Amino acid sequence: MDSGYIFKIICGIVTVIMIIYYCRRDKKLFSFFVGAFTGSAALFIVNKYGSIIGMNIPLNLFNISGSVILGAPFVLFLVIMNFL
């Protein structure tokens, strides 16, 4: 199996898990918007000021959709993966 194909499958599974998580919350829309806002804000901050610490995380479709769906932990994961 191709590693890109496996990566896409894992991303799909994580997205389904997050949709189930948001559906089980009491305040579904509020929870989603707070997660999307904090994830987007974290991504934009890292994109703008990441060069100070030698990090370049581009604003592409994958990073934006990941930060909106998964929130700030996704951005933290990108930062950690960039250091490795």
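One structure accompanies this document, and this report is about it. (Residues numbered from 1 in each chain as written. Predicted model: local features only at pLDDT ≥ 70, side-chain atom pairs only at ≥ 80, totals over all residues. Heavy atoms only, no water.)

Description of the overall build of the protein chain
In step 1: The number of helices and strands found in the protein chain is four helices and zero strands.
In step 2: When the backbone C-alpha atoms are referred to their principal axes, the protein chain occupies close to 40 × 35 × 20 Å.
In step 3: Expressed as a percentage of the 84 residues in the protein chain, the buried residues total 24%.
In step 4: Here the contacts in the protein chain between residues at least 6 apart in sequence split such that 57% fall between residues at least 24 apart.
In step 5: Summed over its atoms, the accessible surface of the protein chain is roughly 6,200 Å², and 74% of this surface lies on carbon and sulfur atoms. (Helix = DSSP H or I, 4+ residues; strand = E, 2+ residues; numbered from the N terminus. Buried < 20%, exposed > 50% of the residue type's maximum accessible area, 1.4 Å probe, protein only. Contact = heavy atoms within 4.5 Å. Areas by Shrake-Rupley, 256 points an atom, 1.4 Å probe, with all protein chains shown as cover.)

Notes on the layout of surface pockets
Empty space left among the atoms is revealed by rolling a probe the size of a water molecule over them.
In step 1: Here the largest pocket defines a volume of roughly 270 Å³.
In step 2: Taken together, the elements giving at least two residues each to the lining of the largest pocket come down to helix 1 (3-24), helix 3 (61-70) and helix 4 (72-83).
In step 3: Counted by class, the lining of the largest pocket contains ten nonpolar, three polar and no charged residues. (1 Å grid on protein atoms, 1.4 Å probe; cavity = no way out; pocket = protein on both sides within 12 Å on 5 of 7 lines; lining within 4 Å. Points joined across faces, edges and corners; volume = space filled by probe spheres on them. Nonpolar A, V, L, I, M, F, W, Y, C, P; charged D, E, K, R; others polar.)

What about the environment of L29?
In step 1: Its location among the elements puts L29 in helix 2 (residues 28-49).
In step 2: With relative accessibility at 60%, the residue L29 sits in the exposed group.
In step 3: Linking L29 and I13, residues 16 residues apart in sequence, is a C-alpha distance of 21 Å.

Observations regarding a nonpolar patch on the surface
In step 1: Taken together, the side chains of M1, Y5, I6, I9, I10, I13, V14 and I17 define a hydrophobic patch exposed on the protein surface, amounting to about 780 Å² of accessible area.
In step 2: Its place among the elements puts I13 in helix 1. (Patch = residues over 30% accessible without salt bridge, like charges linked within 9 Å, V, L, I, M, F, W, Y side chains within 5 Å. Salt bridge = Lys/Arg side-chain N within 4 Å of Asp/Glu carboxyl O.)

Describing the nonpolar core
In step 1: With eight residues, the main nonpolar core is built from L43, V46, M55, I57, F74, V75, L78 and V79.
In step 2: Those elements that place two or more of their residues in this core are helix 2 and helix 4.
In step 3: If one sorts the elements of this core by residue count, helix 4 sits on top with four residues.
In step 4: When residues no more than four places from it in sequence are discounted, the contact partners of M55 are V46, G50, V79, N82 and F83. (Core = buried A, V, L, I, M, F, W, Y, C linked by side-chain atoms within 4.5 Å.)

Considerations on helix 3
In step 1: For helix 3, the complete set of buried residues consists of N63, G66 and S67. Relative to the axis of helix 3, the buried residues are bounded by an arc of 95° and lie together on one face.
In step 2: Trailing helix 3 by a residue or two, G71 shows a phi angle of about 85°, which is positive. (Arc of directions from axis to C-beta.)

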